[in-house]
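Commentary on secondary and tertiary structure
Below are the chains, spelled out letter by letter.
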Amino acid sequence: MSGLAMAAAAAISLPCSTFGTSSVERLVQCRPSGSITIPSKCLLRKTSLESVRRCESKCGATTSRSQLTVRASSAQPKVYQVTRQLVDEVRNRLEKEQGNLRVGKNGRDDPALISWFLKDRKLDVEATVAKLTRALQWRKEFGVDQITDEFISAAASKGEAYLHTHKDKKRRPTIVVVAKKHFPADNSKFETEKLCVALIERGVDQLPPGEDKLLGIFDLRGFTSKNADWKFVRFLVDVFYEYYPKRLGEVLFIDAPFIFSAGWNTFKPLLGSYAQLVRFCSVSDIGEYFTPETMPEDLKS
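It should be emphasised that the depicted structure is a prediction, and the values quoted were computed from it without experimental measurement.

What follows is about the packing of aromatic side chains. On inspection of all chains with the given rule, the structure shows 16 aromatic pairs. On the numbers, 5.1 Å between centres and 25° between planes, the contact of Trp 138 with Phe 142 is stacked. Note that Trp 138 and Phe 142 are positioned in helix α6 (residues 125–142) at a spacing of four residues, about one turn of the helix. In terms of burial, Trp 138 and Phe 142 fall into one category: buried. For the ring pair Phe 260 and Phe 280, a centre distance of 6.4 Å and an interplane angle of 55° mean the geometry is tilted. With Phe 260 in helix α10 (residues 258–267) and Phe 280 in strand β8 (residues 278–281), the pair connects residues that are 20 residues apart, well separated along the chain. Every member of this aromatic cluster is reached through a ring pair, and the members are Phe 218, Phe 223, Trp 230, Phe 253, Phe 260, Trp 264, Phe 267 and Phe 280. Its guanidinium or amino end placed over the ring of Trp 116, Arg 247 lies 3.9 Å from that ring's centre, counting from NZ or CZ.

The final tally for this structure, using the stated rule, is 21 salt bridges. Asp 149 is paired through a salt bridge with Arg 202; the nearest N and O atoms lie 2.8 Å apart. Of this pair, Asp 149 sits in helix α7 (residues 149–156) while Arg 202 sits in helix α8 (residues 189–205); the two residues are 53 residues apart in sequence, bridging distant segments of the chain. Using a relative accessible area of 53% as the deciding quantity, one classes Asp 149 as exposed. Since its relative accessible area comes to 25%, Arg 202 is described here as partly exposed. Note that Arg 221 and Asp 219 form a salt bridge whose closest N and O atoms lie 2.8 Å from each other. A relative accessible area of 4% places Asp 219 in the buried class. Within this structure, Arg 102, Arg 139, Asp 145 and Glu 201 form a network of salt bridges that share partners.

Turning our eyes to something else, we now look at unusual backbone geometry. Despite not being glycine, Lys 246 shows a phi value in the positive range, around 60°. Among the residues examined, Lys 246 registers a relative accessible area of 43% and is labelled partly exposed. Positive phi is not limited to glycine here, since Asp 255 has a value of about 45°. The topology assignment puts Asp 255 in the loop between β7 (248–254) and α10.

A word on the environment of Glu 250. Tracing the backbone shows Glu 250 in strand β7. Separated by 29 residues in the primary sequence, Glu 250 and Arg 279 have C-alpha atoms spaced 7.6 Å apart. Dropping the residues within four chain positions of it, Glu 250 is found in contact with Arg 172, Leu 214, Leu 215, Gly 216, Leu 277, Arg 279 and Tyr 289. At a separation of 3.4 Å, a polar atom in the side chain of Glu 250 contacts the side chain of Arg 172. Of note is the side chain of Glu 250, whose polar atom sits 2.7 Å from the side chain of Tyr 289.

Most of helix α5 (residues 111–120) is tucked away, with seven of its ten residues classed as buried. Restricting attention to buried positions, one finds in α5 the residues Leu 113, Ile 114, Ser 115, Trp 116, Phe 117, Leu 118 and Asp 120. In this structure, the buried residues of α5 make contact with α4 (84–97), α6 and α9 (230–242). Where α5 begins, the side chain of Asp 110 points an oxygen toward the backbone nitrogen of Ala 112, at a separation of 3.0 Å. In the stretch just after α5, Lys 122 is the one whose phi turns positive, near 55°.

Cut-offs used in this document
Residues numbered from 1 in each chain as written. Predicted model: local features only at pLDDT ≥ 70, side-chain atom pairs only at ≥ 80, totals over all residues. Heavy atoms only, no water. Phe/Tyr/Trp six-rings, centres within 6.5 Å; stacked < 30°, edge-to-face > 60°. Helix = DSSP H or I, 4+ residues; strand = E, 2+ residues; numbered from the N terminus. Buried < 20%, exposed > 50% of the residue type's maximum accessible area, 1.4 Å probe, protein only. Lys NZ or Arg CZ within 6 Å of the ring centre and 35° of its normal. Salt bridge = Lys/Arg side-chain N within 4 Å of Asp/Glu carboxyl O. Contact = heavy atoms within 4.5 Å. Polar contact = N/O pair within 3.5 Å; in protein donor to acceptor, adjacent residues only side chain to side chain.

Here it is as structure tokens:
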């Protein structure tokens, strides 16, 4: 934390409604004059209006409900440069040790796939070979490359999840989950998981040059206990961590009711760093991610 406090920072202004949802650590200061000033001792990973109020009580400041001035760390994540030599080293290891695994796109000799796993494992060849081997074996056992549109048509027709036809403002392919249409007691776990993986695959295939992450949206309006499926959420987390590492850029939870929030608070610690990708927000905030023309139809109201 002390390193962040000492980092160079730039001041920006954000509405309170969006303040508490970013995964970026922020240093803010409580200003008695009005809009903000939280001292460094109040350095927070996830800041909300409530936490600002708590900080105010310690320093005697008054914060405006309309605006918050935020100091955001200018520190950038380390970028790992993958070389052809490293790719060839991983490919040769896989050919020698896992010669039975498929080749071609998303296979053991796919340079794009090898490069992505090298970045995920911070250029550690040994760790890359181990994780990529698990991923390739899973793809084979799960039948990822055999999932066709016809195979998932029944699950897709229910409308509980789909790949949006437009990308968001950051050019990220977007997967939308409509929670009120998901009934785990009536659905086949097998079909639900196949649909999930198919949507991720199609989303990754649609990544434009220069973009490497997806946006996930959970529309939680109308969510009830009958829609709760924490086992599937656990499956989803495992899939993204093990087989599509760092492909998920952000997850929006739209208008989560209290019953969902209670379950989330119990489940959240199990997600580790992935919990930082989550933003709780309102359907009215979707305009930050899409233009009126590209916004998902069912999120326009």
